[in-house]
Amino acid sequence: MRLSPRALFLVGVALLYAPWLFLGYGADDDAYRIIRTGRVLLEEGTYVGSRNPGYLVPELGTMVLNALGGSVLANAGTLALGLIALGAFLSLAERLAVPHRFLLAAGFALHPVFWSNATASMDHVWALGFLLAGWLALLDRRWVGAGVLLALAVGSRFTLAPAVGLVLGYAWLSERAERAGVGRAAGLAVLLGAACYLPSAWEFGWTLGFLEPAGLGGAELWTWPLRLGRWGYKNVYFWGLGGTLALAGFAVLAVRHPERRRLLALVAAVVLAYEALYLRFPLDVGYLLPMLPFVLLGLGVVLAARRAWLVAFVVLVASYNLVSVNLARPDQPFGASDAAFGLWVEPGFLWQQTRIRLLTRDCTVVACWEERMGFNQD
């Protein structure tokens, strides 16, 4: 049986990612909190969210997969959602007539933050897969399916609500004759998405306490200079220095681009929404992942006649897996109050994440991860 180019691409990504499935639950301690939620639910019959405000869909999905096959199957569940995200992205680019869709999808798959998260027991890629599949269903006018998928995106990560709202708004403006269908999808997304947070509300005695973020540290870490410094540094850290500089130049072209204004406006709205959210909580760079497919679609439009530039950008992003040019070093990882500035050539994002995963691969609880990372040392 001959596979289509799309199927070959997805199989290739799965094979490329496969070795990381065997490196424990992930490089982020939140992966172990997700595992703990499933373990407590199975053993005690009580829902205790991995962290506020709750991440019910990946928590339940990972619970089942982990019970059946440990970290390998739990990671494979995330990879499945990552492949759904990539497949939906290819279809979205085709439906929206965005050129160079396979090149853009390669940039998506080779982005180190996506790669790292798509092979770990984390929730970012679950949310992204449901979001892109839901948007594709909207374009195909499958209103019930779209509503359910978008609700699952919100149920995976509450912060997907802005992206869900914006793609629904885009559909509302684009589908003037089908606004009743878009409205049904929106209503279903709101209803089912809200239902995903009922267990969190129950856990907090039917109050809104579950919406309060936890684990942010003291107020001394959140002065405006430190907040702005984290926000700026981690934005660069998401794309790599080369990718960030290239995007700054492409943004100028986007402003001057005379066509596809509605799609570019959607891209700009998503970027502004998530940059504003990230300025509020500039923590894990994975928080910026919802922007990735939208930025890539925008680049496909802006660089439609400049394929060589797009190839160069994808190469820059891919190289960031192995090599990073760093401009700042924090005085304390995960809780910096100061930083040294300079120019350092260091291992890239995926390389660093892989070293952490090798160090912690046999951990099953947060305490083990913290000990291996040196957080429990006096």
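Please read all numbers here as calculations on a predicted model, not as lab measurements. (Residues numbered from 1 in each chain as written. Predicted model: local features only at pLDDT ≥ 70, side-chain atom pairs only at ≥ 80, totals over all residues. Heavy atoms only, no water.)

A.B. asks: I'm lost on the overall build of the chain in this one. Help?
C.D. replies: Within the chain, the regular secondary structure consists of 17 helices and two strands. What you see for the chain is a C-alpha radius of gyration of 20 Å, in line with the 21 Å of a compact globule of 378 residues. With the principal axes as the frame, the chain shows a C-alpha extent of 60 × 50 × 50 Å. Residues classed as buried in the chain amount to 49% of the 378 residues present. (Helix = DSSP H or I, 4+ residues; strand = E, 2+ residues; numbered from the N terminus. Rg over C-alpha atoms; globule rule 2.2 N^0.38 Å. Buried < 20%, exposed > 50% of the residue type's maximum accessible area, 1.4 Å probe, protein only.)

A.B. asks: Can you walk me through the environment of Val314 in this structure?
C.D. replies: Relative to the helices and strands, Val314 resides in helix α15 (residues 307-319). Residue classification places Val314 among the buried residues on the basis of a relative accessible area of 9%. Apart from the residues within four sequence positions on either side, Val314 is in contact with Leu103, Ala106, Gly107 and Leu110. (Contact = heavy atoms within 4.5 Å.)

A.B. asks: Honestly, unusual backbone geometry in this entry has me stumped. Any pointers?
C.D. replies: Note: most residues except glycine have negative phi, and most peptide bonds are trans. Residues Asn52 and Pro53 are joined by a peptide bond in cis, for which omega reads 0 degrees. Look at Ala97: it is not a glycine, yet its phi comes out positive at around 55 degrees. Along the chain, the position of Ala97 falls in the loop between α3 (56-95) and α4 (101-110). The phi dihedral of Arg141 is positive, around 60 degrees, even though this residue is not glycine. Position of Arg141 among the secondary structure elements: in the loop between α6 (124-139) and α7 (143-156). We classify Arg141 as partly exposed; its relative accessible area is 44%.

A.B. asks: Looking at this structure, I do not really get α4. What am I missing?
C.D. replies: Helical geometry: 3.6 residues make up each α-helical turn, so side chains three or four residues apart lie on a common side. Where burial is concerned, most of α4 is hidden: seven out of the ten residues are buried. The complete set of buried residues in α4 reads Leu103, Leu104, Ala105, Ala106, Gly107, Phe108 and Ala109. Check the buried side of α4 and you find it contacts α1 (5-17), α3, α5 (112-118), α6, α14 (291-302) and α15.

A.B. asks: What am I meant to see in the nonpolar core here?
C.D. replies: Nonpolar side chains in soluble globular proteins tend to be buried together. Ranked by size, the top nonpolar core spans 94 residues in total, and within it Phe108, Phe114, Leu131 and Trp135 carry the most contacts. Leave out the neighbours within four places in its chain, and Trp135 touches Leu92, Leu96, Leu150, Val167, Tyr170, Leu266, Phe294 and Leu297. In terms of nonpolar packing, the next biggest core, distinct from the first, is built from 14 residues, Ile35, Met122, Cys363 and Val366 among them. (Core = buried A, V, L, I, M, F, W, Y, C linked by side-chain atoms within 4.5 Å.)

A.B. asks: Where do I start with the side chain of Gln353 in this structure?
C.D. replies: Structurally, Gln353 can be placed in helix α16 (residues 349-360). Discounting chain neighbours no more than four positions away, the residues touching Gln353 are Ala27 and Ser116.

A.B. asks: I tried to follow the environment of Leu359 on my own but got confused; where do I start?
C.D. replies: Among the secondary structure elements, Leu359 is positioned in helix α16. Considered as a pair, Leu359 and Tyr55 are 304 residues apart in the sequence and their alpha carbons are 26 Å apart. Leaving out residues up to four positions away in the same chain, Leu359 has contacts with Arg372 and Met373.

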